[in-house]
Amino acid sequence: MTTAVCPGSFDPITNGHLDIVTRASRHFDEVVVLVTGNPTKTSGLFSIDERVELIREVIAHLPNVRVDSWGGLLVDYTSAHHITALVKGLRSSLDYEYELPMAQMNRRLTGVDTYFLLTDEKYGYISSSLTKEVAKYGGDVTGLVPDSVREAMAEKYR
C-alpha cells in the first residue's frame with residue numbers, strides 16, 4: 001500500500017488545497033492531509049484542532065483520504081509512519097524555488113520522495129493568507145474555500 005502525505009498549515013484549507021488532495025487521492029492508495037505546526041501555539045485564524053475538523057468535513061467524500069496533525073519535523077512523521085511520498089502543489093516558480101531545497105533535504109534525510117502537482121489554473125492565485133485578508137475585511141471568499149470553511153471564517157471574523 002502506497003501512502004502519501006500532503007503537508008501544510010491549512011489555515012484555512014482552500015479550494016486549491018482540496019484540488020491537490022483530490023488529485024493525489026487518484027494516484028496513491030491512501031493520502032494523509034497532515035496539518036503541520038506547533039500544536040501549543042495559538043497563532044493563526046484556526047487552531048490545529050479546528051483545521052483538522054474543517055478538513056475532515058471537506059474530504060469526507062474521499063474514502064482513501066484522512067487527516068492527521070504533527071508538531072515536529074515532517075521527516076520524523078514520515079519515518080514514524082513508514083511513508084515514502086510527499087505531495088505538494090505548485091502555483092508558480094516561486095513555490096518551486098521554496099519547495100525544492102526542502103524536497104532535497106527530506107530525501108537526503110529519509111529517502112522520502114516529493115511529488116509536485118501543478119495547481120489547476122483556476123486556483124493558481126489562491127492562498128490561505130490572501131483568503132484570510134479578504135475575509136477579514138468583509139470580502140467575499142466564495143469559490144476560494146469550501147463553503148463550510150467560508151462560514152467558519154465569517155464566524156471567526158464577526
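Computed from a predicted structure; not experimentally measured.

Here's the deal with the pairing of strand E5 (residues 113-118)
Two elements, strand E4 (residues 85-90) and E5, share six bridges in a ladder whose sense is parallel. Within E5, the residue paired with Lys88 across the bridge is Phe116. For the crossover that starts at E4, traverses helix H4 (residues 93-110) and ends in the parallel E5, the hand is right-handed.

Observations concerning helix H5 (residues 128-136)
Residues spaced three or four apart along an α-helix point in a common direction, a consequence of the helix completing one turn every 3.6 residues. The set of residues buried in H5 consists of Ser128, Thr131, Lys132 and Ala135. The buried residues of H5 occupy an angular sector of 100° when the element is viewed end-on, so they sit on one face. In this structure, the buried residues of H5 make contact with helix H1 (15-25) and helix H6 (147-157). Immediately beyond the C-terminal end of H5, within one or two residues, lies Gly138, with a positive phi of roughly 85°.

Here's the deal with the pattern of salt bridges
All told, the structure shown has 10 salt bridges when counted by the stated rule. A salt bridge links Glu99 to Lys88; its shortest N-O distance comes to 2.6 Å. Of this pair, Glu99 sits in helix H4 while Lys88 sits in strand E4, and the two are 11 residues apart along the sequence. Taking the relative accessible area as the measure of exposure, Glu99 reaches 11% and is therefore buried. Accessibility expressed as a relative area gives 13% for Lys88, which makes it buried. The residue Asp113 makes a salt bridge to Arg107 at a minimum N-O spacing of 2.6 Å. The class for Asp113 is partly exposed, based on a relative accessible area of 27%. The network of salt bridges with common partners includes Asp11, Arg51 and Lys132.

Conventions we followed
Residues numbered from 1 in each chain as written. Predicted model: local features only at pLDDT ≥ 70, side-chain atom pairs only at ≥ 80, totals over all residues. Heavy atoms only, no water. Pairing = 2+ DSSP bridges. Helix = DSSP H or I, 4+ residues; strand = E, 2+ residues; numbered from the N terminus. Right-handed = clockwise from strand over helix to strand, strands pointing away. Buried < 20%, exposed > 50% of the residue type's maximum accessible area, 1.4 Å probe, protein only. Arc of directions from axis to C-beta. Contact = heavy atoms within 4.5 Å. Salt bridge = Lys/Arg side-chain N within 4 Å of Asp/Glu carboxyl O.

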